[in-house]
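Here's the letter readout for the chains.
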Amino acid sequence: MGILREDVVLISPAEKAGDPTVISVNCPDKTGLGCDLCRIILLFGLSITRGDFSTDGKWCYIVLWVDGKTNTRWDLLEKRLLEVCPSYFSTSGIDYYRPVNRQPRQLDVFLLKFWCSCDRKGLLHDITRVLFDLELTIKRVKVSTTPDGKVMDLFFITDSRELLHTNERRVQTILHLKTALGDLLVSCEIESAGLEITACSQGTLFLPSTINEDMFSLELPARHPGGLLASNPISVTVDNTLSPSHTLIQILCQDHKGLIYDTMRTLKDYNIQVSYGRFFAKRKGGCELDLFIVQADGKKIVDRNKQNALCSRLRMELWRPLRVAVASRGPDTELLVANPVELSSRGRPLVFHDITLALKNLNTHIFSVEIGRHMIRDREWEVYRIRLDEGDSSHVSRNKIEEGVGKMLMGWE
């Protein structure tokens, strides 16, 4: 990649139990780098408790304090963080404010298909967990249960390690699935997914009109409805008096999983650069963000309409970073989760993992799953349509399902 690896990414382990792990990144800057780094940290299941960002226009220095896990693969995390850092040699003639919402290089898609002799609660989450541990990303999935109780799963996946074309990697994947599923697994195959097969994996083209109106609104309601997010007050203010060259955005809100990522991806989509930033999560769940920003032209935001539009969008993205609803699909109950997709075509990681874990904890059975991307109101969404087992859904109320999944996605479980 042409990266000078020495001191680009440093990970300092916690000195004692309960202390955070400190991640330092020292590399050439680019618009959206903070978003890309925070997305990887979120992908590894880590929570950022404090952060400092600074740049001189060409070179940036980022320090993040994260709550780690005993099984975190720090060496792999370092490798993934290095992959999104610009080349050391790119500092010569770097265009600091260039647009960066380019499509990432597309990885080859593979089809993982297998049969299980019978279904059980939590089966889909156990499969998802195995794929996550192997760094296999689920792009789409079609899960169905036959009338006699057998399960046929089709997972369209990509490999972060880019080795799934090899027999060794495929054998390793199948072995891990067999270990996790035991005698339930009847057969398992992995093959390259051609364009025709991938096209067939697209989700249902039409979504219920009522769901479209409620789930995909980009405006905050005049009055926040009751429920999960009613007690999540958010303050986003603009100040142009403290710096002659930067606009200060101040955010006060309740902390949630991926909060820094949600903030940074919004700024990245607006092609806004953070010149200096500070984040701090309080013990009682609140958090503060101070971000000194400039537009793509390197100037502060003075237009009042632009200020209001940015503040409104940040409030919405922090109030509802993901959309969750439970609706009827004929005689059945369907859970819908909408994940906003960045302009660079990346979606929030671990969404399907958290959905299946929440349903497993709720002892709710999954009958079928569809994952597809939809353009709604000029924005791309990754929509998860999960049909719940008709016999089981009556045991857990719709409100409890919606609340349980929402809390898991927000990290409030």
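Worth saying up front: this structure is predicted, and the values here are computed from it rather than measured.

Basis of the calculations
- Residues numbered from 1 in each chain as written.
- Predicted model: local features only at pLDDT ≥ 70, side-chain atom pairs only at ≥ 80, totals over all residues.
- Heavy atoms only, no water.
- Helix = DSSP H or I, 4+ residues; strand = E, 2+ residues; numbered from the N terminus.
- Buried < 20%, exposed > 50% of the residue type's maximum accessible area, 1.4 Å probe, protein only.
- Contact = heavy atoms within 4.5 Å.
- 1 Å grid on protein atoms, 1.4 Å probe; cavity = no way out; pocket = protein on both sides within 12 Å on 5 of 7 lines; lining within 4 Å.
- Points joined across faces, edges and corners; volume = space filled by probe spheres on them.
- Nonpolar A, V, L, I, M, F, W, Y, C, P; charged D, E, K, R; others polar.
- Polar contact = N/O pair within 3.5 Å; in protein donor to acceptor, adjacent residues only side chain to side chain.
- Expected span 1.5 Å × (residues − 1).
- Salt bridge = Lys/Arg side-chain N within 4 Å of Asp/Glu carboxyl O.
- Pairing = 2+ DSSP bridges.
- Axes fitted to C-alpha atoms, helices over the stretch in contact; angles between N-to-C directions.
- Phe/Tyr/Trp six-rings, centres within 6.5 Å; stacked < 30°, edge-to-face > 60°.
- Left-handed = near helix turned anticlockwise from the far one by under 90°.

*Asks:* Help me understand the overall build of the protein chain in this model?
*Replies:* Helix and strand counts for the protein chain come out as 11 helices and 16 strands. In the protein chain, which comprises 413 residues, the share counted as buried stands at 50%. A fraction of 72% describes how many contacts in the protein chain between residues 6 or more apart in sequence connect residues 24 or more apart.

*Asks:* For this particular structure, what's the right way to read the layout of surface pockets?
*Replies:* With a probe scaled to a water molecule rolled over the atoms, the places where space remains empty come into view. Of the voids in this model, the second largest pocket is the one considered here, and its volume is about 680 Å³. If you go around the second largest pocket, you meet 36 residues; those closest to its centre are Leu 46, Ser 47, Ile 48, Thr 49 and Asp 255. Listed by contribution, the elements that provide at least two residues to the lining of the second largest pocket are helix H1 (33–43), strand E3 (47–55), helix H3 (123–133), helix H7 (259–269), strand E11 (273–281), helix H9 (351–361) and helix H11 (398–410). When residues of the lining of the second largest pocket are assigned to their parent elements, the largest contribution, four residues, is made by E3. Here the lining of the second largest pocket is built from residues that sort into 19 nonpolar, nine polar and eight charged.

*Asks:* What should I look at first to understand the side chain of Asp 29 in this one?
*Replies:* With respect to the element layout, Asp 29 can be found in the loop between strand E2 (21–28) and H1. Side-chain polar atoms of Asp 29 contact the side chain of Thr 55, separated by 3.1 Å. One polar contact links Asp 29 to Gln 273, side chain to side chain, over a distance of 3.0 Å.

*Asks:* Can you help me understand helix H8 (residues 304–319) in this one?
*Replies:* Along an α-helix, residues three or four apart share an orientation, since each turn contains 3.6 residues. With 16 residues, H8 should cover 22 Å at 1.5 Å per step; its first-to-last C-alpha distance of 22 Å lies within 8% of that length. Of the residues making up H8, those classed as buried are Gln 307, Leu 310, Cys 311, Arg 313, Leu 314, Met 316, Glu 317, Leu 318 and Trp 319. One side-chain oxygen of the residue at the start of H8 lies 2.9 Å from the amide nitrogen of Asn 305, identifying that residue as Asp 303.

*Asks:* Teacher, can you tell me more about empty space enclosed by the protein here?
*Replies:* Enumeration according to the criterion identifies two cavities of 30 Å³ or more in this entry. Taken together, 18 residues line the largest cavity, and the ones lying closest to its centre are Leu 33, Gly 34, Met 264, Gln 273 and Val 274. Of all elements in the fold, only H1, E3, strand E4 (59–67), H7 and E11 reach the threshold of two or more residues within the lining of the largest cavity. Of the residues contributing to the lining of the largest cavity, the split by class is nine nonpolar, six polar and three charged. Within this model, the second largest cavity holds a volume of roughly 130 Å³. Lining the second largest cavity are 16 residues, and of these Asp 119, Arg 120, Leu 123, Leu 124 and Ile 366 sit closest to its centre. Elements with a minimum of two residues in the lining of the second largest cavity: H3, strand E6 (136–145), strand E7 (151–159) and H9. Among the residues making up the lining of the second largest cavity, the classes are represented as six nonpolar, six polar and four charged.

*Asks:* What should I look at first to understand the pattern of salt bridges in this one?
*Replies:* A side chain with one charge may pair with a side chain of the opposite charge, provided their charged atoms come close. The full count for this structure, using the stated rule, is 26 salt bridges. Residues Asp 133 and Arg 129 are paired through a salt bridge, measuring 3.4 Å at the closest nitrogen-oxygen approach. Taken together, the residues Asp 133 and Arg 129, both in helix H3 and four residues apart, mark about one turn of the helix. Here the salt bridges share partners, and the residues they tie into one network are Asp 262, Arg 265, Arg 313, Glu 317, Arg 348 and Arg 379.

*Asks:* Could you clarify how one ought to interpret the sheet that holds E2 in this entry?
*Replies:* Strands pair in a sheet through their backbones, by hydrogen bonds, and they do so in one of two ways: parallel or antiparallel. In space, the eight strands of this open sheet follow the order E1-E2-E4-E3-E11-E12-E10-E9, with antiparallel pairing throughout. Each edge of the open sheet carries a strand with a single partner, namely strand E1 (9–12) and strand E9 (235–239). Each adjacent strand pair in this sheet contributes to an overall mean axis angle of 15°, direction not counted. Where E3 and E11 come together, five bridges link them in antiparallel fashion. Along E11, the bridge assignment pairs Arg 50 with Phe 280.

*Asks:* Please clarify how unusual backbone geometry should be interpreted in this entry.
*Replies:* A negative phi holds for most residues other than glycine; trans holds for most peptide bonds. Positive phi values are uncommon outside glycine, yet Glu 162 reaches one of about 55°. Among the structural elements, Glu 162 can be located in the loop between E7 and helix H4 (167–181).

*Asks:* Quick question: what am I supposed to make of the packing of aromatic side chains here?
*Replies:* For any two aromatic rings, the description comes down to two numbers: the centre-to-centre distance and the angle of the planes. In this structure the tally under the stated criterion is three aromatic pairs. Judged by centre distance (6.1 Å) and plane angle (45°), the rings of Tyr 276 and Phe 292 are tilted. Of the two residues, Tyr 276 is situated in strand E11 and Phe 292 in strand E12 (residues 286–294); the sequence distance between them amounts to 16 residues. Seen from their ring centres, Phe 352 and Tyr 384 are 6.1 Å apart, and the 10° between their planes marks the pair as stacked.

*Asks:* Which parts of the structure should I look at to understand the sheet that holds strand E14 (residues 332–340)?
*Replies:* An order of E8-E5-E7-E6-E15-E16-E14-E13 is seen for the eight strands of this open sheet, with the pairing classed as antiparallel. What marks the edges here is a single partner per strand, and that holds for strand E8 (185–192) and strand E13 (323–329). Within the sheet, the average angular offset between the axes of one strand and its neighbour, ignoring direction, is 25°. Sheet strands touched by H4: strand E5 (110–116), E6, E7 and E8. Its angle to E8, the strand with the most contacts, is close to 155°.

*Asks:* Explain the environment of Val 9 here, please?
*Replies:* In this structure, Val 9 sits in strand E1. With 17 residues separating them in the primary sequence, Val 9 and Asn 26 have C-alpha atoms 6.5 Å apart. Those residues in contact with Val 9, other than ones at most four positions away along the chain, are Ser 24, Val 25, Glu 78, Leu 81, Leu 82 and Cys 85.

*Asks:* Quick question: what am I supposed to make of the packing of H3 against H9 here?
*Replies:* As a packed pair, H3 and H9 sit with axes 8 Å apart at the nearest point and diverge in direction by 145°. Two packed elements cross with a definite hand, and for H3 against H9 that hand is left-handed. Of the residues in H9, those in contact with Leu 124, His 125, Asp 126, Thr 128 and Arg 129 of H3 are Phe 352, His 353, Thr 356, Leu 357 and Lys 360. Residues of the contact of H3 with H9, tallied by class, amount to three nonpolar, four polar and three charged.

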